[in-house]
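# Commentary on secondary and tertiary structure
Here's the letter readout for the chains.
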Amino acid sequence: MTDDIGWGLIGASTIAREWMIPAFRAQLDSDVVAVMSSDASRGRAYADQNKIAKSYHSVDELLADPSVRAVYISTTNELHRDQVIAAAAAGKHVLCEKPLALTLEDARRMVDACAEAGVVMGTNHHLRNAATHRKIRELVQTRRIGTPVAARVFHAVFLPEHLQTWRIDNPAAGGGVILDITVHDADTLRFDLADEPEEVVSLTQRAALAKAGLEDGVMAIIRFQSGLIAQLHDGFTLGHAGTGLEVHGTEGSIIARDVMTQQPMGSVLLRTAAGEEQIAVEHENLYERAVRLFNAAVRGDGTPAATGEDGIRSLALALSVAQAARTGQRSTVVRG
Ligand code: NDP
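No experiment lies behind these values; they were computed from the predicted model shown.

Cut-offs applied
- Residues numbered from 1 in each chain as written.
- Predicted model: local features only at pLDDT ≥ 70, side-chain atom pairs only at ≥ 80, totals over all residues.
- Heavy atoms only, no water.
- Helix = DSSP H or I, 4+ residues; strand = E, 2+ residues; numbered from the N terminus.
- Rg over C-alpha atoms; globule rule 2.2 N^0.38 Å.
- Buried < 20%, exposed > 50% of the residue type's maximum accessible area, 1.4 Å probe, protein only.
- Contact = heavy atoms within 4.5 Å.
- Areas by Shrake-Rupley, 256 points an atom, 1.4 Å probe, with all protein chains shown as cover.
- Lys, Arg positive; Asp, Glu negative; His and termini not counted.
- Charge placed at Lys NZ, Arg CZ, Asp CG, Glu CD.
- Salt bridge = Lys/Arg side-chain N within 4 Å of Asp/Glu carboxyl O.
- Pairing = 2+ DSSP bridges.
- Axes fitted to C-alpha atoms, helices over the stretch in contact; angles between N-to-C directions.
- Parallel < 35°, antiparallel > 145°, perpendicular 65-115°, else oblique.
- Nonpolar A, V, L, I, M, F, W, Y, C, P; charged D, E, K, R; others polar.
- Phe/Tyr/Trp six-rings, centres within 6.5 Å; stacked < 30°, edge-to-face > 60°.
- 1 Å grid on protein atoms, 1.4 Å probe; cavity = no way out; pocket = protein on both sides within 12 Å on 5 of 7 lines; lining within 4 Å.
- Points joined across faces, edges and corners; volume = space filled by probe spheres on them.

It is worth spelling out the overall build of the protein at this point. Scanning the protein from N- to C-terminus turns up ten helices and 15 strands. For the protein, the C-alpha radius of gyration of 20 Å lies close to 20 Å, the compact-globule estimate for 336 residues. Judged by the C-alpha coordinates and their principal axes, the protein covers about 60 × 45 × 40 Å. Within the protein, buried positions represent 54% of all 336 residues. Restricting to contacts in the protein with at least 6 residues of sequence separation, those with at least 24 account for 68%. Carbon and sulfur atoms make up 50% of the accessible area of the protein, which amounts to about 14200 Å² in all. The average position of the 33 basic charges and that of the 42 acidic charges among the side chains of the protein differ by 1 Å.

Bringing the pattern of salt bridges into the picture now. In this structure the tally under the stated criterion is 25 salt bridges. Between Arg 108 and Asp 112 there is a salt bridge; the shortest N-O distance is 3.2 Å. Of this pair, Arg 108 and Asp 112 both sit in helix α5 (residues 104-117), four residues apart, which is roughly one turn of the helix. Note on Asp 112: relative accessible area 31%, which makes it partly exposed. Between Arg 108 and Glu 309 there is a salt bridge; the shortest N-O distance is 2.9 Å. Here Arg 108, found in helix α5, pairs with Glu 309, found in helix α10 (residues 308-327); they are 201 residues apart in sequence, far enough to count as distant. Taking relative accessible area as the criterion, Glu 309 reaches 38% and is therefore assigned partly exposed. A network of salt bridges, in which partner residues are shared, links Arg 128, Asp 187, Arg 190, Glu 196, Asp 310 and Arg 313.

Moving on: the sheet that holds strand β12 (residues 252-257). With mixed pairing, the nine strands of this open sheet are ordered in space as β14-β13-β12-β11-β7-β10-β9-β8-β15. Here the strands that pair on one side only, and so sit at the sheet edges, are β14 (275-279) and β15 (331-332). Against the sheet, helix α6 (residues 131-141) makes contact with β7 (148-156), β11 (244-249), β12, β13 (267-272) and β14, and its axis sits at roughly 20° relative to β13, the strand it touches most. Strands β7, β8 (197-205), β9 (217-224), β10 (229-235) and β11 of the sheet are contacted by helix α8 (residues 177-193), whose axis makes an angle of about 150° with β10.

A few words now on the packing of helix α4 (residues 80-89) against α5. Following both chains from N to C, one finds α4 and α5 inclined at 10°, their axes separated by 9 Å at the closest point. With respect to their mutual orientation, α4 and α5 come out roughly parallel. Contacts from His 80, Arg 81, Val 84, Ile 85 and Ala 88 of α4 reach α5 at Asp 106, Arg 109, Met 110, Ala 113, Cys 114 and Ala 117. Its residues assigned to classes, the contact of α4 with α5 shows seven nonpolar, one polar and three charged.

Here we come to the packing of aromatic side chains. Scanning all chains against the criterion turns up four aromatic pairs. Relative to Phe 294, the ring of Trp 7 has its centre 5.2 Å away and its plane inclined at 55°; by these criteria the two rings are tilted. Residue Trp 7 is found in strand β1 (residues 5-10), and its partner Phe 294 is found in helix α9 (residues 286-298); the two are separated by 287 residues along the sequence. Three or more aromatic residues joined by ring pairs form one cluster here, namely Trp 7, Phe 24, Tyr 72 and Phe 294.

Over the atoms rolls a probe the size of a water molecule, and in doing so it shows where empty space is left. By volume, the largest pocket is sized at about 1100 Å³. For the lining of the largest pocket, the secondary-structure elements that each account for two or more residues are α1 (14-25), α7 (166-169) and α8. Its residues placed into classes, the lining of the largest pocket shows 17 nonpolar, 20 polar and seven charged. Estimates place the volume of the second largest pocket at around 380 Å³. Around the second largest pocket sit 15 residues that line it, and Ile 178, Gly 213, Glu 215, Ala 322 and Arg 326 are the ones nearest its centre.

Going through the model one piece at a time under the given rule, you end up with three cavities of 30 Å³ or more. Approximately 60 Å³ is the volume found for the largest cavity. For the largest cavity, the full set of lining residues is Leu 95, Gly 122, Thr 123, Asn 124, His 125, Asn 129, Ala 290, Phe 294, Pro 304, Ala 305 and Ala 306. When contributions to the lining of the largest cavity are tallied by element, the ones reaching two or more residues are β6 (121-123) and α9. Looking at the lining of the largest cavity residue by residue, the class counts come to six nonpolar, five polar and no charged. Empty space within the second largest cavity amounts to approximately 50 Å³. Every residue along the wall of the second largest cavity is listed here: Ala 130, Ala 131, Thr 132, Val 259, Thr 261, Gln 263, Pro 264, Met 265, His 283, Glu 284 and Leu 286. Split by residue class, the lining of the second largest cavity holds six nonpolar, four polar and one charged.

Put into structure tokens, the structure is as follows:
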């Protein structure tokens, strides 16, 4: 037996096929050894298409496989909780997709289960792996814009047709733009600003795609501990808006464009009294970096890019955005 990290996929998902399987295989020290699907024939076809040796029909079977050292959970959101808890009980390290769960209580149980089992747990918030966001965080921390006062996130996109499934029609699966996109904004703002959210106001809409009980557009304003206020706009129905993030401070502004994306791309501009400076960014595949850091953590070196605790805190902000929209009241962000 080698020291390689054998990954088992819980969920024959699009994100695994498009991004994560290549990211696991880009590492020198890991490979994908098995996949679990609730549909046996789809699981077998998925395994064949993605050159995965074994396909399982149940989580228990996959967890009983000794060649699986770590699991990547990318099922629909309502399934994450029980699958994470089962994986931890089986002694497997866990990288779980966002949102960790549908409630903070569930997310806390998942993180605690991993801690008690002594396994590494990460949340797959990819954006903090982007070279652009790491640069924004560095510019903020080195006070290149003085004291940060306000931030804005533009993250309204068009949901591709092949993803117009549970995200737009299944509240029980954790559909809707808030649990899909706002939770990423939450993690990115927390990371870029090194600040924590305190309270939220928001409004949602059903612009075109979302079915009853779900939203496909949201705008929110968040107050952070430092006093900074941040504004975000997320959507599933806008194909031409473009994405971006801005941080405005007492001494300057950071203007980042095309940075709320899975692709390693985008630009970061610093504007101060001295003029405009295009900040050099060395792009790197976001998911490959996430897996590299996770694998290192399994070997005892550091922590995942986004930990389980990050998953809880970012979920807490997203749930506050949802609550504020539902009640029409200001929502205090709960410390999960
Ligand atoms: P998918 O809809 O592709 O997959 C989710 C589940 O749906 C799968 O586990 C699978 O069940 C089932 N499924 C997949 N394809 C089919 C099909 N053709 N027919 C019937 N059922 C199918 O979801 P995503 O990959 O878009 O998202 C999965 C998770 O990853 C979510 O938690 C999401 O929030 C997260 N995500 C994270 C991203 C990131 O950048 N961090 C980006 C995109 C998604 P089974 O496994 O039982 O076969």
